[in-house]
Structures are given as structure tokens and as C-alpha cells.
Amino acid sequence: MTSDLSRDQALLLTTMAHQYLSSGEWPTWQWVDTVLDRRGLDAPGLLRSLPRLGADRPGPWYGLVNHDGVNISRNDRVAVTLAGALHVPELQPYFAAPFLDTLAVLVAARHSRPISPDEVEEFRITETDVRAELAPRRDHESLSRWMARLPELMSNEPVTRNSTGELPDGGRWWGLSRGLGRYRGVTTLEGYVEVTARLIGEHAVPWTQAHETPIELAVSAPPSSSDPRQLRITAPIPEELVEVAADLMLLELLDRSGGQVGQALSPDGFVPEAHARDESGWSVLRMLVDRREVEALQVRANGHPSIVMLTTIGRTKAMNLRRRSQDRAEREHHLHDALVRWAYNQHRPGPGASIQSLPTAPDWWFCGSEVTWDEVSAAVRYLEGRGLLAGPVQFSGPPDGIRLHLTPGGEDCARSRQTVRTYLDGQRSQPPAFQLTGDNNNIAFGNNNHQSTSSSAAGVSSEDLATLVSMIRFSIPILGLPAEQQAAVEGDVAALEAEAATGNPDQGRVRTFLQRVGSVVQSVATNPMAQNMVLTGIGTATGLPMSQLPQ
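The text that follows walks through the structure, step by step, so that each part is easy to find. Only a predicted model underlies this, so the values are computations on that prediction, with no experimental measurement involved. (Residues numbered from 1 in each chain as written. Predicted model: local features only at pLDDT ≥ 70, side-chain atom pairs only at ≥ 80, totals over all residues. Heavy atoms only, no water.)

With respect to helix α22 (residues 528–542)
Here α22 is 15 residues long and its end C-alpha atoms lie 21 Å apart, about the 21 Å a rise of 1.5 Å per residue gives. Across the 15 residues that make up α22, a large majority, 11, are buried. Taken together, the buried positions of α22 are occupied by Ala530, Gln531, Val534, Leu535, Thr536, Gly537, Ile538, Gly539, Thr540, Ala541 and Thr542. The backbone nitrogen of Ala530 lies 3.2 Å from a side-chain oxygen of the residue at the head of α22, namely Asn527. (Helix = DSSP H or I, 4+ residues; strand = E, 2+ residues; numbered from the N terminus. Expected span 1.5 Å × (residues − 1). Buried < 20%, exposed > 50% of the residue type's maximum accessible area, 1.4 Å probe, protein only. Polar contact = N/O pair within 3.5 Å; in protein donor to acceptor, adjacent residues only side chain to side chain.)

Next up, the structure:
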């Protein structure tokens, strides 16, 4: 569910999400269908095409939205789930951090609730209890808005949707299921979706196995040497690196099986000898078996699997790890988040946080692949440029003695428990998406907590241009433009996307295209809220007040 969507699938999600952000209500399916139909798109077909886990068998399923697209009526209101929010960055400031805070409250309540050895009871938590726990972390207004959204959001998430009810006073209660324990320590939206996908996948295994044809075993001979990546992890495997070792083992299985489910393998070929001697390697393999990512076909008397194979769940996860490890943008996002966490958690008064020991930490690995010092250096420069790290930090090879110092904004980002991308987007994209202040020569945009100054002489950066263009593109379906003008705007937006992708946009072309988009939106858009959002953003980027945009 974290794989890339097609452009049309992404448009379906963002069309629903933008209407939700504008009105606080998910739109009717008739509205969504009509908006996309006017663009020549098959909304019901797109809805059915969205990725879902567990949809091919009876039992629980989970997807990017709360409807599978079957027998949908025009009165239905399809909502984007937390998994779907991964593909809609605009939703994340309103969904991710509050939900993760709420999830932490539920997990803590589950594991701290007194239990009786003599009575059986259902563990529950009330809406009032949740509000009381969240109150110290949020102001009254934002907490009230979140609590109003919470029942609907939790009804769409597997861990909370099956055990809930209404109290006599009109409030709600939620059951504290055993599955909440799997979310202990989850602090990111990506982590939440990964655990949820794993839980849904586990329910699928009995059905899948019951309908599989028998597998013909052909045991693969072990290679001559163990994977050198795994040998970089000391023996015994440190507890904090167990998940890293599991990723490496899963990738090794993927490679040695040729990506085939059912290919039998000898563990002697991929459990490093050093890890086998101290049992830590076998513990990791058993963990993969417990997760149903690997199946033990034969087990020795000492409990060590002697023949194993990759399951469908394991193959899917391994292929996703491989894809993500080769995605430059995902690697960059990982390091941005990791360095902010590292600097915050390792901080000592005065000297800052040394990153010499970073290679011994889990953050040195991303999806089974080591990062490099060149990547770390680039991430540090990015964080300096975004005002999260104090600089300049000079790299020359391995950073002997280099220490990182977070700025106040960097500390706020770390404490927010959001990703850097979500934090920065939230800082500059609070509704309205752009706030225009200052004069024509020096324009500031952002919100009350963070401002980024853009000089009309210097032009708009590629990152800010990409953010602005994304906002404009996602606003197009709700602007209410006539078909001809909408096509013209889409063409100019495509040209702006190409400029942003260069990393060094031509400021003259950018200004020309933005002015053309602005003049159309100002003249013929019928949705005042969307119109104002787009025009304010364009005015910020070009240095022209809305009244001076050409007609």
C-alpha cells in the first residue's frame, strides 16, 4: 500500500481529500464521480483499482479508502484512511500526528490497565479518557477539532473499528484489543501502516495456504560465503539492530529464491556463521517465521529450521524493501528524519550531538541498505537550508568529531514526532496554504510558527515551486473552471512541474506560467475558497499582489 499510485489514482484521493479539508466532511460519491467524469476519468474503476490487503478472501481487509468500490451508491461518502494519507501529504498534518498521539494513549492504556486474576472483562477506554490524556499536548481548539474527527477516523482503521460503542451520555468507547501491543513504539505514519498491513496479511495466510497447490521442493545449495552486509552487524546481534538483520535476511532470501514463492532453501547459506554460533541469527529467522514472512518446511531437533521458503507475505515485503532502498527520494527523507532524531536524542548541553557513532545505529540502514557519508552530508546541508540544523557543518570523508546542533525549529520538529517533510509542509501549508505578507520586494510565506522569505528578485526555489505546483494541481478539480480554461491551466502546471524538476527553475518562465494560471483562476474560477488559496500562493511566489495579476 506504500507503492506508487498512478496519476489518476492519486487524483481520486486528492479530490476527496481537498473537499474534506475545505468543508470538514467527506464528499458524496456522486460529487466525486461527477468531478472526475468531467475530466474523462472512470471514478468507480479507479476506486476498485486502489491497492487493498485481504480483499481476495473472506475476513478483514484494509486499503487506502474505506470502501472497496463494490455496490457503491451515490449517497456513500468514501473516506481516505491513514494508509491513503501516505499518498496525500496535505492530509498528514491533520491526520498523522494526532492519530499517532491517540494510538500511543490506547497502547499505554492497554498495558497499564489493572487486571483481575478472577474476573474476565473487556478492556475499554472512553472518549473522555482519551481527551484527558491528549489535553497536555494540544491547545483546546485543536484538540476539540481532533476529537470531533476521531470517531469517524478510528472506524476506518482495523485496530479500532471492530470494538466500539456509544455510552449513555452520548460519548464513545473503544475496546483495547490485544493487537494494540504490535503498535508499541510506532511513532510514524509509515510505521503504523506497515504494522497494520502485517496484521491484515497474517489473517490471510490460513486462507491462502488452504487453497494452494502442493509445492514441489527443490532445495537450493548454499552459496560459498555469507552476505557481507549482514557481517557488518556484530555478533550477537544487538537488540536495536534485530529489525535491520531481519530486513537483510529477507532480502537475501528474495535473491537466493530468484523471487519465487515456494523455492526451498537451506538457512546455512544465509544465516551468517558468526550469528549462528551465538543463536542470534536463528532468533531472527524464527522471528520471520512467526511473522509468516518465511515458512519453516523442516526443523531440526535443536529447533533450528533446516529448510525454509519465502512466503507470499515475505516476498511482497522484500520486494518493497528493495524498491524503497533504491528510491533516492525515500532515502533522503529517511536521513532527514534520522538526523533530526539523532541530534535531538544524542544532544548534550554545549557540544551538541556527535555523529561518529551513527554507523552503529539502526538509522544507518534503510530498507536493508546502508547509507553513505555522502548521503549524510547532503542531508545535513538540506536540514541547514531548511533552518532545522545550525551550520555550517563541514564534511571531508567520515565526520571525525563533527557535532550537530538543532535550531529551535529543529527541536520543535523532533518533539512533534512528525517526519521532516510533514513538519515543513505543515509549517508552510496551514490553511490558507500560503499567507502573503510584506511588500512587493520581499514576500514572506508560511504560518505563524515558521516563515520562509522569498525575494521577488531571487525567485522561487525548486522546492517551494514544487510545493506550490502540487497545491495548484490538486486544486484544479475543485476550482470550477470551464473545460477549455482547465485544459490551459493543466498545460501550464505541467510546464511548471518540469521547471521544478530541474532543480534550478528558469525564473522568467516560472513567473510567466504562474501569471497565466493566476489570470485564468482569478477570472473564471467559481469556488472562492480554492480560488483564494491558489491566487495567494501565486502572489507569494511571483511577488505580485492578486490585484496586479494580468487579466
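Further notes follow.
Considering the sheet that holds strand β4 (residues 164–166)
With antiparallel pairing, 3 strands are arranged side by side in an open sheet as β3-β5-β4. Both edges of this open sheet fall to β3 (124–126) and β4, since each of them pairs with a single strand only. Strand-to-strand twist of the sheet, defined as the mean angle between neighbouring strand axes without regard to direction, takes the value 25°. Pairing analysis gives 3 bridges linking β3 to strand β5 (residues 172–175), with the strands arranged antiparallel. The residue bridging Arg124 from the neighbouring strand is Gly175, located in β5. (Pairing = 2+ DSSP bridges. Axes fitted to C-alpha atoms, helices over the stretch in contact; angles between N-to-C directions.)

A look at the packing of helix α1 (residues 7–23) against helix α2 (residues 29–37)
Viewed as axis vectors pointing N to C, α1 and α2 meet at an angle of 130°, and their least axial separation amounts to 11 Å. Between α1 and α2, the interaxial angle falls into the category oblique. For the pair α1 and α2, the sense of crossing is right-handed. Contacts between α1 and α2 involve Leu11, Leu12, Thr15, Met16 and Gln19 on the former and, on the latter, Trp29, Trp31, Val32, Val35 and Leu36. Classifying every residue of the contact of α1 with α2 by side-chain character gives 8 nonpolar, 2 polar and no charged. (Parallel < 35°, antiparallel > 145°, perpendicular 65-115°, else oblique. Left-handed = near helix turned anticlockwise from the far one by under 90°. Contact = heavy atoms within 4.5 Å. Nonpolar A, V, L, I, M, F, W, Y, C, P; charged D, E, K, R; others polar.)

Regarding empty space enclosed by the protein
Here the structure, examined in full by the defined rule, presents 4 cavities of 30 Å³ or more. Quantified by volume, the largest cavity comes out at close to 70 Å³. Forming the boundary of the largest cavity are Leu86, Gln92, Ala96, Ala97, Leu100, Thr188, Leu189, Glu190, Arg417, Gln418, Thr419 and Thr422. Those elements that place two or more of their residues in the lining of the largest cavity are α5 (92–112) and α9 (189–211). With 4 residues, α5 is the largest single contributor of residues to the lining of the largest cavity. Across the lining of the largest cavity, the residue classes break down as 5 nonpolar, 5 polar and 2 charged. Counted as a void, the second largest cavity has a volume near 50 Å³. Around the second largest cavity, the lining residues are Tyr20, Trp26, Val80, Phe95, Arg149, Glu152, Leu153 and Asn156. Element by element, the count of residues in the lining of the second largest cavity is highest for helix α7 (residues 140–155), at 3 residues. (1 Å grid on protein atoms, 1.4 Å probe; cavity = no way out; pocket = protein on both sides within 12 Å on 5 of 7 lines; lining within 4 Å. Points joined across faces, edges and corners; volume = space filled by probe spheres on them.)

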